[in-house]
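Coordinates in review
Residue strings, one per chain:
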Amino acid sequence: NWIRTIGNEKIPRSELNHLIEYANQGSRSILLMDRPGSGKTCLLLDFVDYIENSTPWGLLFIKGDQFTDVNSESDFVARGLPDDLVGQCARLATLRKVIVILDSLDVLSLSRRHGALKVFLVLMDRLTAVEGLTLVVACRDFDLKYDPQLRARKWQHTVTIEPLDIHSVVSPLLHRWNIELKGLNAELQKLLTLPQNLRLFEKIVQRLSRSLPNTVFELYDRFIDEVISLDQVLGQAAVLVLQALAERLIRRRTLACPRAYLSLEESVVQRLISQEVLVEINLNTVAFSHQTLADSFAVRNAIAQGKSLEDFILSFPPFPFIRPSVRSFFFFLRTSQPDIFRRQIRSVLSNGGIACHLKRLIAESISEITPTDDDLPLLRWIFQNHPDLFKRLLWTVNSDEWFHIITQYWIADAKIAPDREGWLLQLISRLKTWMNRFPRQVVVLWREALSSQWAQKQSPVWEITSALDKFEHWETQGIGELLESLNEQTNDEHSFLGKTLSRWIQASDGGDELLWRYITKNISSEDMTK
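Let me begin by describing the structure that accompanies this report. (Residues numbered from 1 in each chain as written. Predicted model: local features only at pLDDT ≥ 70, side-chain atom pairs only at ≥ 80, totals over all residues. Heavy atoms only, no water.)

**Details of the environment of aspartate 125**
This is how the line gets drawn: Going along the chain from the N terminus, every DSSP run of H or I of four or more residues is numbered as a helix, and every run of E of two or more is numbered as a strand. Classification of residues uses two cut-offs on accessible area relative to the type maximum, computed with a 1.4 Å probe and protein chains only: under 20% is buried, over 50% is exposed, and between them is partly exposed. Throughout this description, a polar contact denotes any pair of N or O atoms lying within 3.5 Å of each other; where both atoms belong to protein, one of them has to be capable of donating a hydrogen while the other can accept it, and for residues adjacent in sequence the pair is counted only when both atoms sit in side chains.
One can find aspartate 125 in helix α6 (residues 116-128). The partly exposed category is assigned to aspartate 125, whose relative accessible area is 42%. Each C-alpha atom, one on aspartate 125 and one on leucine 394, is 35 Å from the other, the two residues being 269 residues apart in sequence. There is a polar contact of 2.5 Å between the side chain of aspartate 125 and the side chain of arginine 153.

**As for the pattern of salt bridges**
Let me state the cut-off plainly: By definition, a salt bridge exists where a carboxyl oxygen of Asp or Glu is found within 4 Å of a side-chain nitrogen of Lys or Arg.
If you walk through the whole model with that rule in mind, you get 27 salt bridges. Aspartate 469 serves as the salt-bridge partner of lysine 499, at 3.2 Å between the closest nitrogen and oxygen. With lysine 499 in helix α27 (residues 497-508) and aspartate 469 in the loop between α25 (458-467) and α26 (479-489), this pair connects stretches of sequence that are 30 residues apart. On the basis of relative accessible area, aspartate 469 is assigned to the partly exposed category, the value being 26%. Arginine 517 is the salt-bridge partner of glutamate 513, the closest N and O atoms lying 3.3 Å from each other. Placement of the pair is glutamate 513 and arginine 517 together in helix α28 (residues 512-520), with a separation of 4 residues, close to one helical turn.

**Observations regarding α6**
The following threshold applies: Expected helix span is computed as 1.5 Å times (number of residues minus one).
Its 13 residues give α6 an end-to-end C-alpha distance of 18 Å, which sits within 8% of 18 Å, the value for a rise of 1.5 Å per residue. Burial in α6 covers these residues: Ala116, Leu117, Val119, Phe120, Leu121, Leu123, Met124 and Leu127.

**A short note on the environment of isoleucine 519**
With respect to the element layout, isoleucine 519 can be found in helix α28. Each C-alpha atom, one on isoleucine 519 and one on glycine 498, is 8.7 Å from the other, the two residues being 21 residues apart in sequence.

**Overview of helix α21 (residues 387-394)**
Since one α-helical turn is 3.6 residues long, residues separated by three or four positions face the same way. What counts, and what does not: What the arc describes is the spread of directions from the helix axis to the C-beta atoms. Pairs of residues are marked as contacts when any of their non-hydrogen atoms sit within 4.5 Å.
Among the residues of α21, Leu389, Phe390, Leu393 and Leu394 are the ones counted as buried. Buried residues of α21, viewed axially, fall in a sector of 145°; they line one side. Where α21 is buried, its residues contact α18 (338-350), α19 (356-366), α20 (376-385), α22 (400-415) and α23 (420-430).

**Examining the packing of α22 against helix α24 (residues 439-451)**
Under the convention used in this document: Comment: axis = line fitted to C-alpha atoms, over the contacting stretch for helices; angle = value between 0 and 180 degrees taken between N-to-C directions. When an angle is under 35 degrees it counts as roughly parallel; over 145 it counts as roughly antiparallel; between 65 and 115 it counts as roughly perpendicular; any other value is oblique. Crossings are sorted by hand: turned counterclockwise from the far helix by less than a right angle, the near helix makes the crossing left-handed, and turned clockwise it makes it right-handed. Amino acids are sorted into nonpolar (Ala, Val, Leu, Ile, Met, Phe, Trp, Tyr, Cys and Pro), charged (Asp, Glu, Lys and Arg) and polar (every other residue, Gly among them).
Between α22 and α24, the shortest axis-to-axis distance is 12 Å and the interhelical angle comes to 15°. The pairing of α22 with α24 is recorded here as roughly parallel in orientation. The handedness of the crossing between α22 and α24 comes out as left-handed. Taking contact as the criterion, the partners of Phe403, Thr407, Ile411 and Lys415 in α22 are, on α24, Gln441, Val442, Leu445 and Glu448. Here the contact of α22 with α24 is composed, by residue class, of 4 nonpolar, 2 polar and 2 charged.

**Focus: the sheet that holds strand β6 (residues 256-258)**
Heads up, the condition is: Strand pairing requires that DSSP identify at least two bridges connecting the strands.
What the 3 strands build is an open sheet, ordered β6-β8-β7; its pairing is antiparallel. The two strands at the open ends of the sheet, each matched to only one other strand, are β6 and β7 (278-282). Here the average twist between neighbouring strands, direction ignored, is 35°. In this sheet, strand β8 (residues 285-288) lies alongside β7 in antiparallel orientation, the contact comprising 4 bridges. Residue pairing in the sheet places leucine 278 in a bridge with phenylalanine 288 of β8. Sitting on the sheet, helix α13 (residues 235-252) touches β6, β7 and β8, and the angle it makes with β8 is about 95°.

Take a look at the structure:
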């Protein structure tokens with residue numbers, strides 16, 4: 001019942017070939033990782049089609065979000081899974097290859113109810129020990145990074161779902177919808193490389209009476225307005241029911257619900273399913289077609305009640321399940337009310353009643369915005385009052401705009417901070433993120449770090465030399481002088497400098513004198529005589 005097409009067209013994904021290849025190789029564990037809305041369930045279902053139509057393999061597909069209330073492996077049987085699951089898989093694997101797919105591990109992570117995640121992690125460990133069995137697990141990258149139980153796990157292979165190609169996939173679809181790619185701004189083009197966004201865009205594009213949306217939150221608002229509010233069968237009454245339902249599901253920490261929760265006529269429910277707002281899990285259960293849509297309804301509901309981001313967070317128990325909804329509220333504010341956004345972020349981070357993991361979420365989400373000079377007071381306030389949160393922000397930023405903010409403004413604050421050396425050493429390390437995008441500026445900063453002794457002598461030398469291992473722009477002005485300084489300050493015979501020098505010499509066809517000094521720097525006059 002899951003939606004696997006966009007505009008009635010199935011989109012081929014190159015990642016399917018990777019899953020097939022690793023399974024054929026006999027991989028014990030494969031992690032399928034993506035952003036929300038990238039289409040991991042659809043890709044897994046395509047993998048299921050391949051297994052069922054082209055192989056003799058045995059297959060078990062488990063939708064993790066339908067098992068959030070299990071407390072032990074014995075509970076699996078009551079929910080429809082076979083008794084002695086691992087034993088049966090092991091016996092079957094002696095006859096044929098077995099594939100076990102676990103989708104939506106992220107929902108188990110977010111739920112944290114009755115130890116469901118722990119039960120599944122134990123099950124996964126037992127399954128990966130079975131000879132002839134391949135375990136395929138799908139999880140959002142955000143939850144992998146945030147949950148320590150998932151972050152520490154090792155996988156034999158990892159497949160990351162990439163955005164849709166704007167020219168070979170998105171543009172032809174748009175053309176069939178009578179829209180030309182060149183008529184869309186860069187931000188909207190980027191949004192449409194995510195399958196979930198492209199699917200919503202197709203739903204609203206023929207109905208739009210206003211200009212096209214430019215942000216993901218405008219996209220969801222237009223979808224709700226055009227596809228539901230203005231629909232003769234659905235209307236605003238359905239919107240209000242869905243908003244209340246979204247909040248209720250967050251409180252219950254689930255994405256599915258009995259049909260009875262909807263308090264809508266069956267014809268309205270069927271219309272919501274046909275419009276891809278809801279999906280039918282079984283005869284008695286429905287769910288939002290995607291969690292991001294449920295989050296959007298929950299945020300709309302909170303805004304209609306006049307709640308701030310702080311109010312919204314405090315209105316729910318501080319479980320991980322609310323993190324996606326908090327992020328949706330965060331980005332809604334940023335897009336629609338940037339001035340209010342900055343005030344509300346201060347309130348959230350200052351509130352002692354808000355859980356630390358949600359404050360970390362806010363700090364790391366800030367790294368995803370496009371910063372402007374107007375954000376400087378907020379960033380300076382976080383740096384001065386919440387250095388631990390600013391550190392998380394610093395280690396997750398990577399856009400060009402953040403490079404400008406950090407090197408033009410924040411660096412001055414770092415140089416006079418109480419922990420000056422610690423902050424500047426972190427900056428030295430972070431510069432490798434931008435060294436191949438802004439090589440000249442980064443080389444200037446690295447040279448300043450060495451000449452002005454930003455940190456204890458060997459620390460910046462090691463950080464810079466290590467980063468240069470992946471440096472690509474050896475023609476950059478000042479790179480020779482930087483290597484001279486590194487050579488003078490390097491005393492460790494096990495440093496990376498020799499490899500770095502060789503790459504520079506190959507690229508520049510020079511540097512023999514510096515190379516000779518590097519070779520002979522630790523040779524004493526007595527050694528020379530001998």
